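Summary of structural features
The residues making up each chain are set out below.
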Amino acid sequence: MSDLGLYIHVPFCRHACPYCDFYKTELRDHPARTRLDFTDQVGRELELLLSLEPTLRDRPLDTIYFGGGTPSTLSPPGVAELIQRVRSQFPASDAEVTLEANPENMTPRRCEAWRAAGITRLSMGVQSFAERDLVLLERLHGPQTIDSAVKSARAAGFGNISLDLMFALPGQSLEEWKANLERAAELRPDHLSFYGLTWHEGTPFTDQLEKGLLKESPEDLQGEMYRQGSAFLEAAGYEHYEISNFARPGRRSRHNQRYWDRRDVVGLGPGAHSSLGLSRWRNPDDLEHWRRFIAAACLPRVEVEELEPQAATGELLFTLLRRREGVSATEHSRLYNDLARWLSTQPTIATDWMVISPSAARLTREGWLVSDAIIDSVMRSLAQAER
Amino acid sequence: MADSRIRNFCIIAHIDHGKSTLADRLLEETGTVTEREMRDQMLDTLDLERERGITIKAQAVRLFHEAEDGEIYQFNLIDTPGHVDFTYEVSRSLAACEGALLIVDATQGVEAQTLANVYLALENDLEIIPVINKIDLPSADIDEARRQITESVGLDGDTAICVSGKTGLNVGALLNEVVKRIPPPKIDEESPLRALIFDAAYDNYRGVICYIRVVNGRLKKGNKIRFMKGGMDYEVTEIGVLTPRQVPVDELRCGEVGYIAAAIRELAEVRVGDTVTHARRPATEALSGYREVKPVVFAGLYPVNADEYDSLKDAIGKLRMNDAAFFVEPETSDALGFGFRCGFLGLLHMEIIQERLEREYNQNLLFTAPSVVYRVTFTNGTVAMIDNPSKMPDPQVIEMIEEPYVQSRIFFPKDYLGPVLSLCQAKKGEQRDMHFVSAERVQLTYEFPLAEIVSDFHDRLKSATQGYASFDYEVIGYREGRLVKMDVLVNGDPVDALSVIVHRDDAAYKGRILAKRLKEIVPRQLYAVAIQAAIGGKIVARETVSALRKDVTAKCYGGDISRKRKLLDKQKEGKKRMKQFGTIEIPQEAFMAVLRLSED
């Protein structure tokens, strides 16, 4: 029986960051009770799901991932209880249990409590070490908080810590970005992710962009930040194993790799997405709406769909090409052949982007930089070949 | 019905002056349709007509009116298309009448089409009753409308009837005026049959339905008839009148208006303006005024995906069943593959057909920029008509190129005189006349190369006058022009569908603008795209669309994947109108870019 990943979306934030487009809700809008009840409701959602899909119970849990929002705003005992409750439903396993945490929440006491609760990995929302960036991003921590947070986590015994950084911020220079990476490397995290700022529609950031109050980082600069960032971290001993992710040997995110391999992940909590075989569904991205489903003992599924083979191929191509390993010649021979054929029709410059070895087709760093356009072009050539 | 109690008339007006609304009120007032049956603008049948507020196909309705003398009169109201592209159809509808109601909007005054329609009505010897409409509006200026009717149109403005099509005010009085002022038809039932076909439509069960006006003699069901221009004989299977539903009758008498069905399989067999006569006792002479309808604007129509060719062909075939003026023949383009060369009566006609193909027939279309028909004289003396710029032969073998010219009338408030004059000059216009129709409004008469009108003239006129101008045009003949073909090369390969004919004097300038515009339109892609404009092999302009430097989805976890998948789907929809050339994609707008070759 194949294993299973579990994602738990914790929507609470002390303060909503202006660039974020995940579902979240600010704590000041809720009584303290809401957060206490939340973990219980997630437990009930899981039990509801398992009563409808009992075979899931036989599958060992590979990962549990608390994402958000800001999961570090939950009370550690609540988290402990939920982990206990979740794990008791499945066969015993050596699961990776990740909690996304903001530096300002990572006190020594909390870190110890999370460790005791069974959290094995912390993913820290650092974003930047520059005071100016943190103010712009409306983060609640300062540069010093980051250092002490990592110290607390290490002291509590966390052997798997990841840092999230952002680049292509308005006004950020290449030097500032490199300084950020150096500061991050000094903390010797086990894992690092960096993301170019994405201007999501409907966020306050994008509103300000449209009003001309913020300026997008020039495309060439963004490309250079990505290139140099990747080169720097690789030189520092990190493997660039996915478009935006770096890890020391043996420290890749098990949970996130499930997404890129399209292995099953069940999502719980408001706004969580699930992917089980060819089924995809989404929970309502509204806390109250989601809660009403649970209270009525009803699975909070909205937008359920069964993927058509072509859409599934598109998903697989899109996610596999994000990985360092790319598309395996044996495991996905058809896609591998499609990619080889696509490359053969392209101008020679395309070989800077895609490398076809006898074992796999994969994108290079330069290819990752324009990967959306490449995937788009591949998908269209596939559609044409089908005609 | 005694023949002296028949009145055949139509309503003529500038677009938006309220013709269809007034027709609706006439139908209501005479009890022809009850209010419950009344859909607004009863006479417009196609959805597109309702939406655009214009009438494409003329129809005829019979109504009965009890006049002041206590007698019941038979009115045949013939609706006319309201746009410049359909001038010939309008003229045939007018020829079926003895009178016309000329509508002038009390808030707008006389406009370009008002005059064009009056001239057509006068050519057909119609009695014209001026009607001032929309008098219910606060901005109505009845005195000014009267003055303009007198001074600009040359009719007696004091005899105009003031009505409101919206509220129905004075519509009864208007009906009485129709009885008094419009003469009854001349009756001649002894001569051989002559009936004018003023419109036709296709019906799935009965074949083509012809709308006719009997001018001489009478026509009965079962009669063997002959189309004098078409030369074919048929047997009349059904005769009827429109109330506005089709109601079969046994006979149409001299002076009457109605329809016939005669198991005619194709609309192409019926020519508007043709004369119907008896096969056994034919008339010696057809009615005058018949003209072959010739398309003046041509464009290439292609499926976006090659495998949709057959479905496009079917859709075009179906559309042609109802539009004899829509000309089609197969065409092949190196760049676009298999498609069709289509001819239209004008720009609006073209737009309507494109929209119908997309909306009603759900076609995924790509169309090239419209072109006029050039007359090319070769050095060896032969002459060819070229309706596709890419087919223009090499300059070495050309003795002379001639292009169609139009005469255009433009009406607008005098404040915009400066911008309009410079627009006309930019469009290579030659002024024929300029005068003030009122203290505020100017009428210009200009002659232009049709190609200049077909490009962005209307849009630019609108923006130069903030939408306050009206214009119409008619083709007046061919004149020699200093013309050359400009080709567009994408990454070194010519794209035939982007070729355009330009004046030699501003070819280089237009080449630069075209290259620049294409650069804005062609999206950045994986590879750099070189765009060049060339005249006779010589590159006159070059632009480069640089390659994408960064195009990557930063985060890709649970929900991001679904979101991305949907985004890709959406992009695919948006890409429907992109044509792939090797590794490069060119959007539909690029093919229209050649229309706007001016800096503004």
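Being a predicted model, the structure only gives us computed values, none of them experimental.

**Some remarks on the overall build of chain B**
Broken down by element type, chain B carries 13 helices and 33 strands. Looking at chain B as a whole, 58% of its 600 residues qualify as buried. In chain B, 70% of the contacts between residues at least 6 apart in sequence involve partners at least 24 apart. In the structure as shown, chain B presents an accessible area of about 25,100 Å², 47% of it carried by carbon and sulfur atoms.

**Here's the deal with the confidence of the model for chain B**
Per-chain confidence: chain B averages 86 in pLDDT, with 93% of residues scoring 70 or above. Below a pLDDT of 50 lies the segment residues 52–58 of chain B, which in the model reaches 33 contacts outside its immediate sequence neighbourhood of four places, other chains included.

**A look at the interface of chain B and chain A**
Tallying the contact residues gives 30 residues for chain B and 45 residues for chain A. Buried area between chain B and chain A, summed over both chains or domains, comes out near 3,400 Å², and the portion from carbon and sulfur atoms is 54%. Ranking the residues of chain B by area buried against chain A places Leu526, Lys550 and Tyr557 of chain B at the top, with a combined share of 19%. One can count 9 salt bridges joining chain B with chain A. Of the charged contacts, one joins Glu303 of chain A and Lys566 of chain B as a salt bridge, the two residues approaching to 2.8 Å between their closest N and O atoms. Linking chain B with chain A are 21 residue pairs in polar contact (both at pLDDT 80 or more), by the criterion used here. No other element matches helix 12 (residues 558–574) of chain B, which puts 11 residues into the side of chain B that touches chain A. Here the side of chain B that touches chain A is built from residues that sort into 9 nonpolar, 8 polar and 13 charged.

**As for the sheet that holds strand 15 (residues 257–261) of chain B**
All names here are of chain B. Taken in spatial order, the 8 strands make up an open sheet running 11-10-16-7-8-15-12-13, and their pairing is antiparallel. Each edge of the open sheet carries a strand with a single partner, namely strand 11 (233–235) and strand 13 (246–249). If you compare each strand with its neighbour and ignore which way they point, the axes differ by 40° on average. In the sheet, strand 12 (residues 238–242) pairs with strand 13 via 4 bridges, with the strands oriented antiparallel. Note that in strand 13 the partner of Leu242 across the bridge is Gln246.

**Section: the pattern of salt bridges**
Per the counting criterion, the structure on display carries 78 salt bridges over all chains. Glu235 of chain B is paired through a salt bridge with Lys224 of chain B; the nearest N and O atoms lie 3.2 Å apart. Of the two residues, Glu235 of chain B sits in strand 11 while Lys224 of chain B sits in strand 10 (residues 224–227), which places them 11 residues apart along the sequence. The class of Lys224 of chain B is partly exposed, set by a relative accessible area of 37%. Among the ionic contacts, a cluster of salt bridges with common partners joins Glu234, Glu239, Arg252, Asp261, Arg263, Arg323, Arg324, Glu325 and Arg365 of chain A.

**With respect to the sheet that holds strand 5 (residues 127–133) of chain B**
All names here are of chain B. The strand order 2-3-1-4-5-6 describes an open sheet built from 6 strands, whose pairing is mixed. Each of the sheet's edge strands pairs with one partner strand only, and the pair in question is strand 2 (60–66) and strand 6 (161–162). Sheet topology note: the strand 1 (residues 6–13)/strand 4 (residues 99–105) ladder contains 5 bridges and is parallel. Among the inter-strand pairings, Ile12 is bridged to a residue of strand 4, identified as Leu102. Lying over the sheet, helix 4 (residues 112–123) contacts strand 1, strand 4 and strand 5, oriented at roughly 150° with respect to strand 1. Across the sheet, helix 6 (residues 171–181) touches strand 1, strand 2, strand 3 (72–78), strand 4, strand 5 and strand 6, and the angle it forms with strand 5 is around 165°.

**A few points about the state of the cysteines**
Residue and element names in this part refer to chain A. Under the criterion given, the structure shown has 0 disulfides over all chains. Its sulfur unpaired, Cys13 is 6.5 Å from the next cysteine sulfur, which belongs to Cys20. Classification of Cys13 by relative accessible area gives buried; the value is 8%. In this structure Cys20 is not part of a disulfide, and its nearest cysteine sulfur, from Cys17, lies 6.5 Å away. With relative accessibility at 18%, the residue Cys20 sits in the buried group.

**What to know about the nonpolar core**
Counting 111 residues, the largest nonpolar core has Phe66 and Ile119 of chain A as the members making the most contacts within it. Other than its neighbours up to four places away in sequence, Phe66 of chain A contacts Ile8, Val10, Pro71, Val79, Leu82, Ile83, Val97, Thr98, Leu99, Glu100 and Ile119 of chain A.

**Re the packing of aromatic side chains**
Across all of its chains, the model carries 27 aromatic pairs over all chains by this definition. Centre to centre, the rings of Trp199 of chain A and Phe205 of chain A are 5.6 Å apart; their planes meet at 25°, and the pair counts as stacked. Just as Trp199 of chain A is buried, Phe205 of chain A falls in that class too. With 6.3 Å between their ring centres and 70° between their planes, Tyr309 of chain B and Phe338 of chain B make a pair best called edge-to-face. A residue pair is termed long-range when its members are at least 10 positions apart, and Tyr309 of chain B in helix 7 (residues 309–321) and Phe338 of chain B in strand 19 (residues 337–344) qualify at 29 residues. A connected cluster of aromatic rings, assembled from ring pairs, spans Phe167, Trp177, Phe194, Tyr226 and Phe246 of chain A. Against the face of Tyr478 of chain B rests Arg375 of chain B, its NZ or CZ located 4.6 Å from the ring centre. The side chain of Lys555 of chain B reaches across the aromatic face of Tyr195 of chain A, ending 4.6 Å from its centre.

**Side note on helix 11 (residues 507–521) of chain B**
Along its 15 residues, helix 11 of chain B runs 21 Å from first to last C-alpha, staying within 8% of the 21 Å computed at 1.5 Å per residue. Every buried residue belonging to helix 11 of chain B is among Ala507, Lys510, Gly511, Ile513, Leu514, Ala515, Arg517, Leu518 and Ile521 of chain B, and all of these are buried.

**Notes on the side chain of Asp264 of chain A**
Residue and element names in this part refer to chain A. Within the fold, Asp264 resides in the loop between helix 9 (254–260) and strand 11 (265–268). In this structure Asp264 comes out as buried when scored by relative accessible area, which is 14%. A distance of 2.9 Å separates the side chain of Asp264 from the backbone nitrogen of Gly277, its partner in a polar contact.

**A word on the packing of helix 1 (residues 32–52) of chain A against helix 10 (residues 287–295) of chain A**
Residue and element names in this part refer to chain A. One way to put it is that helix 1 packs onto helix 10 with a least axis distance of 10 Å and a crossing angle of 50°. As the angle between them shows, helix 1 and helix 10 are arranged oblique. Of the two elements, helix 1 crosses helix 10, and the hand of that crossing is left-handed. Residues Thr34, Phe38, Gln41, Val42, Arg44 and Glu45 of helix 1 lie in contact with helix 10, whose contacting residues are Leu287, Trp290, Arg291, Ile294 and Ala295. Residues of the contact of helix 1 with helix 10, tallied by class, amount to 6 nonpolar, 2 polar and 3 charged.

**So, the environment of Glu355 of chain B**
All names here are of chain B. If you trace the backbone, Glu355 turns up in helix 8 (residues 347–359). Look at Glu355 and you get partly exposed, because its relative accessible area is 21%. Separated by 10 residues in the primary sequence, Glu355 and Leu365 have C-alpha atoms spaced 9.8 Å apart.

**Description of helix 6 (residues 174–186) of chain A**
In an α-helix, one turn spans 3.6 residues, which is why side chains three or four residues apart end up on the same side. All names here are of chain A. Given a rise of 1.5 Å per residue, 13 residues ought to cover 18 Å, and the 19 Å separating the end C-alpha atoms of helix 6 matches this to within 8%. Among all positions in helix 6, only Leu174, Trp177, Asn180, Leu181, Ala184 and Ala185 are buried. The buried side chains of helix 6 occupy one side of the element, clustering within an arc of 130° when seen end-on. Every exposed residue of helix 6 that faces more than 90 degrees away from the buried side is listed here: Glu175 and Glu186. Considering only its buried residues, helix 6 is in contact with helix 4 (131–136), strand 7 (161–167), strand 8 (191–196) and helix 8 (219–235). Positioned one or two residues after helix 6, Arg188 has a phi angle of 50°, which is positive.

**Re the packing of helix 3 (residues 87–95) of chain B against helix 4 of chain B**
Residues and elements named next belong to chain B. Look at helix 3 against helix 4: their axes get within 9 Å of each other, and the N-to-C directions meet at 45°. By the angle class used here, helix 3 and helix 4 are oblique. As helix 3 packs across helix 4, the resulting crossing turns out to be right-handed. Where helix 3 approaches helix 4, its residues Thr87, Val90, Ser91 and Leu94 are matched on the opposing element by Asn117, Leu120 and Ala121. The class makeup of the residues in the contact of helix 3 with helix 4 is 4 nonpolar, 3 polar and no charged.

Rules of the game
- Residues numbered from 1 in each chain as written.
- Chains lettered and ligands numbered in written order.
- Predicted model: local features only at pLDDT ≥ 70, side-chain atom pairs only at ≥ 80, totals over all residues.
- Heavy atoms only, no water.
- Helix = DSSP H or I, 4+ residues; strand = E, 2+ residues; numbered from the N terminus.
- Buried < 20%, exposed > 50% of the residue type's maximum accessible area, 1.4 Å probe, protein only.
- Contact = heavy atoms within 4.5 Å.
- Areas by Shrake-Rupley, 256 points an atom, 1.4 Å probe, with all protein chains shown as cover.
- pLDDT = per-residue confidence, 0-100.
- Buried area = accessible area lost by both parts, 1.4 Å probe.
- Salt bridge = Lys/Arg side-chain N within 4 Å of Asp/Glu carboxyl O.
- Polar contact = N/O pair within 3.5 Å; in protein donor to acceptor, adjacent residues only side chain to side chain.
- Nonpolar A, V, L, I, M, F, W, Y, C, P; charged D, E, K, R; others polar.
- Pairing = 2+ DSSP bridges.
- Axes fitted to C-alpha atoms, helices over the stretch in contact; angles between N-to-C directions.
- Disulfide = S-S within 2.5 Å.
- Core = buried A, V, L, I, M, F, W, Y, C linked by side-chain atoms within 4.5 Å.
- Phe/Tyr/Trp six-rings, centres within 6.5 Å; stacked < 30°, edge-to-face > 60°.
- Lys NZ or Arg CZ within 6 Å of the ring centre and 35° of its normal.
- Expected span 1.5 Å × (residues − 1).
- Parallel < 35°, antiparallel > 145°, perpendicular 65-115°, else oblique.
- Left-handed = near helix turned anticlockwise from the far one by under 90°.
- Arc of directions from axis to C-beta.

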